[in-house]
Amino acid sequence: MESLPAQAAESALRAQHDRDDEDGDQEVSLPEPEVSFVLAARRKAFWRRPLVRTLLAFLLLGLLGTLVAQVAVQERDRIAATEPRLRPWLVMLCEPMGCELAPRRQIADVVIESSSFNKARGDSYLLNLTLKNQAPIPLAMPAMELTLTDAQDQPVLRRILLPHDMGAPAEMPARGDWSTSVSVVVTTGGARVAGYRLLAFYP
């Protein structure tokens, strides 16, 4: 006769075997995949929600405002020259960014209307010149390059005159003229000076 523990173990094995057979006979149900048009409809419904549309509108306005600010900072000098009423707003915009407003630089619109270079006393010469701004907006005052030449039109002396050297303002008014007389001292080769050339430029 088999012992009681052996009979109990055999009964447990039979019961486990029967349960495994029953589990094998049962069908495993898997979730059915959703079709593409259902997913597309759900995505459309998400983007049509009022809260989502409101957030997108605020995001679009923020991006548009950033773009406008970047263009305004990049073109601040031209905008301030063509629209003086916007200058205070541009100053406020530049304060946190550390930028500054400056007069426009358009050297092609600055014309030397007249000039003369005459000997004064000793080594001193007097340069007289008149500049004209042909642009419809104020322009930055240019610097002047004065080149003294000899009888063969070869350079004898070259001198750079910055606006503060000429006592000039920071900018020229729109369609305006500006005249000055500047004393120039020539200590080297003064006897060889036979002519001069003038060039307006922005340093």
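The structure displayed is predicted, hence computed values, not measured ones.

Draft legend 1. Structural context of the overall build of the protein chain. When helices and strands are tallied, the protein chain shows five helices and eight strands. When the 203 residues of the protein chain are sorted by exposure, 23% land in the buried category. In the protein chain, 66% of the contacts between residues at least 6 apart in sequence involve partners at least 24 apart.

Draft legend 2. How the structure looks around the nonpolar core. Core analysis: the biggest nonpolar cluster contains 27 residues, and Phe 117, Leu 127, Leu 131, Met 144, Leu 146, Met 166 and Val 184 have the highest contact counts within it. When residues of this core are traced back to their parent elements, those giving at least two are strand S1 (110–119), strand S2 (124–133), strand S3 (139–140), strand S4 (143–149), strand S7 (177–185) and strand S8 (195–201). Looking at this core element by element, the count peaks at four residues for S2. When residues no more than four places from it in sequence are discounted, the contact partners of Leu 146 are Phe 117, Leu 127, Leu 157, Arg 158, Arg 159, Val 184, Tyr 196, Arg 197 and Leu 198.

Draft legend 3. Fine view of the sheet that holds strand S5 (residues 155–161). Strand order in the open sheet made by the three strands is S5-S4-S8, with antiparallel pairing throughout. At either end of the open sheet lies a strand with only one pairing partner, and these are S5 and S8. Between one strand and the next, the sheet's axes are offset by a mean angle of 15°, whatever the strand orientation. Relative to S8, S4 runs antiparallel, the two sharing seven bridges. The residue of S8 that forms the bridge with Met 144 is Ala 200.

Draft legend 4. Local environment of a nonpolar patch on the surface. Where nonpolar side chains cluster on the molecular surface, the patch consists of Leu 56, Leu 59 and Leu 63 and spans about 290 Å² of accessible area. By secondary structure assignment, the location of Leu 59 is in helix H3 (residues 50–74). For Leu 59, a relative accessible area of 51% translates into the label exposed.

So, how was this worked out
Residues numbered from 1 in each chain as written. Predicted model: local features only at pLDDT ≥ 70, side-chain atom pairs only at ≥ 80, totals over all residues. Heavy atoms only, no water. Helix = DSSP H or I, 4+ residues; strand = E, 2+ residues; numbered from the N terminus. Buried < 20%, exposed > 50% of the residue type's maximum accessible area, 1.4 Å probe, protein only. Contact = heavy atoms within 4.5 Å. Core = buried A, V, L, I, M, F, W, Y, C linked by side-chain atoms within 4.5 Å. Pairing = 2+ DSSP bridges. Axes fitted to C-alpha atoms, helices over the stretch in contact; angles between N-to-C directions. Patch = residues over 30% accessible without salt bridge, like charges linked within 9 Å, V, L, I, M, F, W, Y side chains within 5 Å. Areas by Shrake-Rupley, 256 points an atom, 1.4 Å probe, with all protein chains shown as cover. Salt bridge = Lys/Arg side-chain N within 4 Å of Asp/Glu carboxyl O.

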